[in-house]
Amino acid sequence: MNDERSEPSPSKSWLERLSLALMGEPKDRDALMDILRDAQQRELLDTDALTMMEGVMKVSELQVRDVMIPRAQMVILEHDWSLEQLIAGIVESGHSRLPVIDENKDNVIGILIVKDLLAHAFDRREDFDLRTLLRPAKFIPESKRLNTLLKEFRGNRLHMAIVVDEYGGVAGLVTIEDVLEEIVGEIDDEHDIDDEGAFIRPQGNVFIVKALTPVEDFNKFFQAQLSDERADTVGGLVMTELGRLPKGGESIDLDRFHFQVLRADNRRIHLLEMTLRDSQEPALSASESEI
């Protein structure tokens, strides 16, 4: 007698074949993940689908504080800025939605959607008032579960929320993209830096450094002597010195360099901001501005 479950028909969809693989009821989440990974190894489920399923289950366990953009890295607009200042700030940020503050970051008075400002881009009226264009800001606690937040984002058609701590102060912000990235992985846009290859970019008095920049290249660029014995890349060196995978906003001093994590996920560091701790700066030629 043939076992109909031993060789699923090629004509069946991956969902139908997966259903056959799940005939044995899992007792807990770990058992379910073991079944899903086994299904992936047997090519009943592709790697991307498995990754998203893992992300969906992980989202129900994570809180907003795990994925939010920290207060120190929030890009904001001030309510009394001129139209020229607003446009310059928006262009520099590359964002389509920005929080607007009154006096300080603990007093977010609303969210500006850039398209709402377009009608006034060439408006030189002296009575221009940014407040009239703002959308209400949604405030949420750091402890809110991501699956609950995602449901609220979808239900209320929101893309951004301001995160507050237990004392009512602003702790950071979170976007719907931050939540979705936990399910589908990193979502790059035209303003993200390509992660392939090494890259060091001057930005004012600081430098944007890709985490995958080899320590050897970094040392050559800055005439430094950071050790590459325990890590090959700058991101790996930062993680090794901290003794753990850091979150966005965390910082560390290595030799004469101050590193702050700009972007990281639950697997690795992606982007760092580096500030020289002394007055020495490397002489940059046009060919050296990117490596």
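Numbering of residues starts from 1 in each chain and follows the order in which that chain's sequence is written. The predicted origin of the model limits local features to residues at a pLDDT of at least 70 and limits the giving and counting of side-chain atom pairs to 80 or more, whereas totals for whole chains, interfaces and linings rest on all residues. Note that the side-chain values use all heavy atoms of the structure and ignore hydrogens as well as water.

A.B. asks: Got a minute to help me understand the overall build of the protein in this structure?
C.D. replies: Across its full length, the protein holds nine helices and twelve strands. When burial is assessed residue by residue, the protein has 40% of its 291 residues classed as buried. Helical segments are the DSSP runs of H or I of at least four residues, strand segments are the runs of E of at least two, and each set is numbered from the N terminus. The buried label applies to any residue whose accessible area, calculated with a 1.4 Å probe on protein chains only, is under 20% of its type's maximum; exposed applies above 50%, and partly exposed to all values in between.

A.B. asks: Could you clarify how one ought to interpret a nonpolar patch on the surface in this entry?
C.D. replies: In this scheme, patches are assembled from residues that exceed 30% relative accessible area and form no salt bridge. Like charges are connected within 9 Å, while nonpolar side chains (Val, Leu, Ile, Met, Phe, Trp, Tyr) are connected within 5 Å. Per-residue and other accessible areas follow the Shrake-Rupley method at a 1.4 Å probe size, with only the shown protein chains counted as cover for residues. In what follows, salt bridge is the name for a side-chain nitrogen of Lys or Arg lying within 4 Å of a carboxyl oxygen of Asp or Glu. Taken together, M52, L180 and V184 make up a surface patch of nonpolar side chains, about 230 Å² in accessible area. On the basis of relative accessibility, which here comes to 36%, the residue M52 falls in the partly exposed class.

A.B. asks: When you look at helix α7 (residues 176-184) in this model, what are you seeing that I'm missing?
C.D. replies: An α-helix turns once per 3.6 residues; consequently, residues spaced three or four apart project the same way. For α7, the complete set of buried residues consists of I176, D178, V179, E181, E182 and I183. Tucked inside the fold, the buried residues of α7 contact α3 (47-59), β1 (69-70), α6 (146-156) and β7 (170-175). By the convention used here, residues are in contact when the closest approach between their heavy atoms is within 4.5 Å.

A.B. asks: Help me understand the environment of D253 in this model?
C.D. replies: Note that D253 resides in strand β10 (residues 251-254). Its relative accessible area of 40% is what places D253 among the partly exposed residues. C-alpha of D253 to C-alpha of V238: the two residues are 15 residues apart in sequence and 9.0 Å apart in space. Excluding anything up to four places from it in sequence, D253 contacts H258 and R277. Residues adjacent in sequence count toward polar contacts only when both atoms are side-chain atoms; beyond that, a polar contact is any pair of N or O atoms within 3.5 Å, and within protein one must be able to donate a hydrogen and the other to accept it. Within the local environment of D253, its side chain forms a polar contact with the side chain of H258, the two groups lying 2.5 Å apart.

A.B. asks: Any chance you could explain the nonpolar core here in plain terms?
C.D. replies: Across soluble globular proteins, you tend to see nonpolar side chains buried next to one another. Among buried residues, the Ala, Val, Leu, Ile, Met, Phe, Trp, Tyr and Cys ones that are joined through side-chain atoms within 4.5 Å form a nonpolar core. Core analysis: the biggest nonpolar cluster contains 23 residues, and F218, F222, F257, F259 and M274 have the highest contact counts within it. Of all the secondary structure elements, the ones that give two or more residues to this core are β9 (206-210), α8 (215-222), α9 (234-242), β10, β11 (257-264) and β12 (269-276). When sequence neighbours within four positions are dropped, the list of residues in contact with F218 reads I200, V209, T213, L226, V234, F257, F259 and M274. Listed in part, the 17 residues of the second largest apolar core include M68, I140, F153 and I183.

A.B. asks: What should I look at first to understand the layout of surface pockets in this one?
C.D. replies: Empty pockets left among the atoms are what a rolling probe the size of a water molecule brings to light. In this structure, the second largest pocket occupies an estimated 250 Å³ of space. Here the lining of the second largest pocket is built from residues that sort into six nonpolar, one polar and four charged. Space inside and on the surface of the protein is sampled on a 1 Å grid over the protein atoms alone, with a cavity defined as a set of points where a 1.4 Å probe fits but cannot get out and a pocket as an open set with protein on both sides within 12 Å along at least 5 of 7 lines; lining residues have an atom within 4 Å of a point. Grid points are joined across faces, edges and corners, and a volume is the space filled by probe spheres set on the points. Under this grouping Gly is polar, as are all residues other than the nonpolar Ala, Val, Leu, Ile, Met, Phe, Trp, Tyr, Cys and Pro and the charged Asp, Glu, Lys and Arg.

A.B. asks: Which parts of the structure should I look at to understand the packing of α3 against α7?
C.D. replies: The description of two helices packed together rests on the angle between their axes and the distance between the axes. To obtain each axis, a line is fitted to C-alpha atoms, and for helices this fit is confined to the stretch in contact; angles are then taken between N-to-C directions over 0 to 180 degrees. Put simply, α3 and α7 touch, their axes get as near as 6 Å, and they point 130 degrees apart. Comparing the axis directions of α3 and α7 gives the class oblique. The residues of α7 that touch α3, namely those facing T51, M52, G55, V56, K58 and V59, are V179, E182, I183 and V184. Split by residue class, the contact of α3 with α7 holds six nonpolar, two polar and two charged. Roughly parallel covers angles under 35 degrees, roughly antiparallel covers those over 145, roughly perpendicular covers 65 to 115, and oblique covers all other angles.

A.B. asks: How should I be thinking about the packing of aromatic side chains in this particular structure?
C.D. replies: The geometry of an aromatic ring pair comes down to the distance between the two centres and the angle between the two planes. Pairing of aromatic rings covers Phe, Tyr and Trp, the last through its six-membered ring, and needs centres within 6.5 Å; plane angles under 30 degrees mean stacked, over 60 mean edge-to-face, and all others mean tilted. A complete count under the given rule lists eight aromatic pairs for this structure. For the pair F257 and F259, a centre-to-centre distance of 6.4 Å together with 45 degrees between the ring planes defines the contact as tilted. In terms of burial, F257 and F259 fall into one category: buried. Site record: aromatic cluster; members linked through ring pairs are F207, F218, F221, F222, F257 and F259.

A.B. asks: What is the right way to look at the sheet that holds β1 in this model?
C.D. replies: Sheet strands pair via backbone hydrogen bonds, and the direction of the pair is either parallel or antiparallel. Strand order in the open sheet formed by four strands is β1-β7-β6-β5, and the pairing between neighbours is mixed. Each end of this open sheet is capped by a strand with a single partner; those strands are β1 and β5 (139-141). Strands were regarded as paired on the criterion that DSSP finds at least two bridges between them. Looking at chain direction, strand β6 (residues 160-164) and β7 are connected through five bridges and run antiparallel. Pairing of V164 across the sheet is with V170, part of β7. Relative to β7, α6 is tilted by about 65 degrees, and along the sheet it contacts β5, β6 and β7. This element, α7, spans β1 and β7 of the sheet and lies at about 65 degrees to β7.

A.B. asks: Would you explain the side chain of R256 in this entry?
C.D. replies: Note that R256 resides in the loop between β10 and β11. Since its relative accessible area comes to 16%, R256 is described here as buried.

A.B. asks: I would appreciate a short explanation of the sheet that holds strand β2 (residues 77-78) in the present structure.
C.D. replies: Strand order in the open sheet formed by three strands is β2-β3-β4, with mixed pairing between adjacent strands. Strand pairing shows two members of the sheet lacking a second neighbour, β2 and β4 (104-113), which therefore form its edges.

A.B. asks: Help me out: how do you make sense of the confidence of the model for the protein in this one?
C.D. replies: Any region with low pLDDT has predicted coordinates that should not be read closely. Across the chain, each position has a pLDDT score giving the predictor's confidence in that residue, from 0 to 100. Per-residue confidence for the protein gives a mean pLDDT of 78; residues scoring 70 or more make up 77%. Taken together, the stretch residues 194-198 has pLDDT below 50 and engages in 13 contacts with residues farther than four places along the chain or on a different chain. Low pLDDT (under 50) marks residues 283-290, which in the prediction has ten contacts with non-local residues, meaning those over four places away or in another chain.

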